[in-house]
Amino acid sequence: MSSRADLLRSRGLRVTRPRLAVLDVLAEGGHLEVDEITRRVRERLDSVSTQAVYDVLGALSRAGLSRRIEPAGSPARYEARVDDNHHHVVCRGCGEIADIDCTVGSAPCLDPDTAHGFQIDEAEVTFWGRCPSCQARRSADN
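Residues numbered from 1 in each chain as written. Predicted model: local features only at pLDDT ≥ 70, side-chain atom pairs only at ≥ 80, totals over all residues. Heavy atoms only, no water.

Colleague: Even after reading the chapter, I still don't get the overall build of the chain, so can you show me in this structure?
Modeller: The secondary structure content of the chain amounts to five helices and six strands. Secondary structure elements of the chain occur, N-terminal to C-terminal, as α-α-β-α-α-β-β-β-β-β-α. The principal-axis extent of the C-alpha atoms belonging to the chain is close to 50 × 45 × 25 Å. Per-residue burial for the chain yields a buried fraction of 35% across its 142 residues. (Helix = DSSP H or I, 4+ residues; strand = E, 2+ residues; numbered from the N terminus. Buried < 20%, exposed > 50% of the residue type's maximum accessible area, 1.4 Å probe, protein only.)

Colleague: Could you clarify how one ought to interpret the packing of helix H2 (residues 17-27) against helix H3 (residues 34-44) in this entry?
Modeller: Working note: a packed helix pair is described by the angle between its axes plus the distance between those axes. Packing of H2 against H3 brings their axes to within 9 Å, and their N-to-C directions diverge by 120 degrees. It follows that H2 is oblique to H3 by the angle criterion. Between H2 and H3 lies a crossing of right-handed hand. In this structure, H2 contributes Arg17, Ala21, Val22, Asp24, Val25 and Leu26 to the contact, and H3 contributes Ile37, Arg40, Val41 and Arg44. Its residues assigned to classes, the contact of H2 with H3 comprises six nonpolar, no polar and four charged. (Axes fitted to C-alpha atoms, helices over the stretch in contact; angles between N-to-C directions. Parallel < 35°, antiparallel > 145°, perpendicular 65-115°, else oblique. Left-handed = near helix turned anticlockwise from the far one by under 90°. Contact = heavy atoms within 4.5 Å. Nonpolar A, V, L, I, M, F, W, Y, C, P; charged D, E, K, R; others polar.)

Colleague: In this structure, what is going on with the UniProt feature "binding site: Zn(2+)" (unreviewed entry) in the chain? I would like to understand it.
Modeller: UniProt records the feature "binding site: Zn(2+)" (unreviewed entry) at Cys91, Cys94, Cys131 and Cys134, using the numbering of this structure. For this annotated set, covering 44 residues, all C-alpha atoms fall within 8.0 Å of each other, a compact arrangement in space. When you line up the elements, Cys91 lands in strand S4 (residues 87-91). Residues within four places of Cys91 in sequence aside, it is in contact with Glu96, Gly129, Arg130, Cys131 and Cys134. By the element assignment, Cys131 lies in the loop between strand S6 (126-129) and helix H5 (132-141). Ignoring any residue separated from it by four or fewer positions in sequence, one finds Cys131 in contact with Cys91, Cys94 and Glu96. (UniProt positions renumbered as here; feature names shortened; annotations may be inferred.)

This is the structure we're talking about:
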């Protein structure tokens, strides 16, 4: 019995080949668009529809096994790193995304002046800038 299968079962999900394949792809790391996840899943399975991958990603996200992020102006991306309230930095030049650990202390890292009665448990922060490669290209262009 695989640990990924046990993980799915522990979250009340049926074990299916597409779910296992998507978990394997996400475990490779990165912040992947659905098209890239689908391409990699198809390398592992004979065939799988894009809609099936969307369905799997939705189920995994709801179960807390993947995280969906949506940087402004970008399609949704998915990652396996969950349950640690990390943040992201996005390159304005090429769109590369990197993880940034919690900025201050423990979750939710930031405390709003007023919570309007909400019990805050997470802060989602996106930092924007230029990655080293885009900085170098920009310097070379000047």
